[in-house]
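Overview (structure and organization)
Next come the chains, spelled out residue by residue.
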Amino acid sequence: MSGVAPASIFVSHGAPSLPLDDVPARDFLRGLGALLPRPRAIVAISAHTVARGVAVGSAPRMHAVHDFGGFPDALYALRYDPPGDPALATRVAGLLADAGIEPVGEVPIDGLDHGIWVPLLLMYPQADIPVVVVSLDARMDADLHVALGRALAGLHEDGVLVMGSGSVTHNLRDVFSRGPDAPVAPYARRFADWVSAAVRDGGADLLQDWPIAPEAARAHPTPEHFVPLLVAAGAGGRGTVLHESFTAGVLGMHAYAFEPLT
């Protein structure tokens, strides 16, 4: 990655147990915060926060939501309580409205789903960077979410990092049918390689056509874990591959950074 602070990043958050799992993606995320210039605040878009429309929210204090079940007790003991930034949330809502994306409104979001707090716990364990949450629109329209990212593109000038969190491939049926050390499935490799090439070669312009990519339907039976990448790509320009790995041979844990638009 160049010395230019990225306008946006995309991270694959994996299972909620990622902080406890000995996998390459966990080690990568533990080092990512030190690799990036420290942001003033983070605007987070996660596969697990979806609304009818686009909701924007923050609160004076945020907290981790344990929005899952059946994991070890040690996971439920983890906390992540960063500050929020309601003033930034108001600004973000205004940027969306100016771009013709009428948000459903500012809402008092104070909970962070695991797609947000799990990677942030690894990247910035001190929990001292303010966080604002922007939801996905439940329609999952590709063009809309690229436009959402474009509306946020100027935030980097004030030291704000846009972070999309999802997964490069996300077929849970295949994950549950394989062991943790299973070899990489050819379909997952083909789709993930297409994504990484699109990030490098064209960013949002190529990624928004992702349903035509090889193995797209199997890699993402539902789109919500891919769409945060469209927001991150829309918020930036040229993309860089930061990390590539797979869990259980089918869950793509890749990460990307996008330079500021010029």
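Because the structure is predicted, anything quoted here is derived from the model rather than measured. (Residues numbered from 1 in each chain as written. Predicted model: local features only at pLDDT ≥ 70, side-chain atom pairs only at ≥ 80, totals over all residues. Heavy atoms only, no water.)

1. Focus on the overall build of the chain
Helices and strands together make up the secondary structure of the chain, namely 10 helices and 14 strands. Against the globule reference of 18 Å for 262 residues, the chain gives a C-alpha radius of gyration of 17 Å, in line with a compact fold. Viewed in the frame of its principal axes, the chain has a C-alpha envelope of about 45 × 40 × 40 Å. Counting all 262 residues of the chain, 58% fall into the buried class. By sequence separation, contacts in the chain at least 24 residues apart represent 80% of the contacts at least 6 residues apart. Carbon and sulfur atoms form 53% of the exposed surface of the chain, whose accessible area is close to 10400 Å². (Helix = DSSP H or I, 4+ residues; strand = E, 2+ residues; numbered from the N terminus. Rg over C-alpha atoms; globule rule 2.2 N^0.38 Å. Buried < 20%, exposed > 50% of the residue type's maximum accessible area, 1.4 Å probe, protein only. Contact = heavy atoms within 4.5 Å. Areas by Shrake-Rupley, 256 points an atom, 1.4 Å probe, with all protein chains shown as cover.)

2. Considering the side chain of S196
Structurally, S196 is set in helix α7 (residues 186-201). Given a relative accessible area of 1%, S196 falls into the buried group. Residues within four places of S196 in sequence aside, it is in contact with V241, E244, H254 and Y256.

3. Structural notes on helix α5 (residues 142-151)
Within α5, seven of the 10 residues are buried, which leaves it mostly tucked inside the rest of the structure. Along α5, the residues classified as buried are A142, L144, H145, V146, L148, G149 and A151. Elements in contact with the buried residues of α5: α3 (86-98), β8 (131-134), β9 (136-137), α8 (204-207) and α10 (227-234). A side-chain oxygen of the first residue of α5 lies 3.2 Å from the backbone nitrogen of D143; this N-cap is D141. (Polar contact = N/O pair within 3.5 Å; in protein donor to acceptor, adjacent residues only side chain to side chain.)

4. Concerning the pattern of salt bridges
Applying the stated criterion across every chain, the model contains nine salt bridges. Taking the shortest distance from any N to any O, the salt bridge between R91 and D158 comes out at 2.5 Å. A residue pair is termed long-range when its members are at least 10 positions apart, and R91 in helix α3 and D158 in the loop between α5 and β10 (160-166) qualify at 67 residues. The exposure class assigned to R91 is partly exposed, which follows from its relative accessible area of 34%. Classification of D158 as partly exposed rests on a relative accessible area of 38%. Among the ionic pairs, R238 bridges to E259, the shortest N-O distance being 3.2 Å. With R238 in the loop between α10 and β11 (239-243) and E259 in the segment after β14 (255-258), this residue pair connects regions lying 21 residues apart in the sequence. (Salt bridge = Lys/Arg side-chain N within 4 Å of Asp/Glu carboxyl O.)

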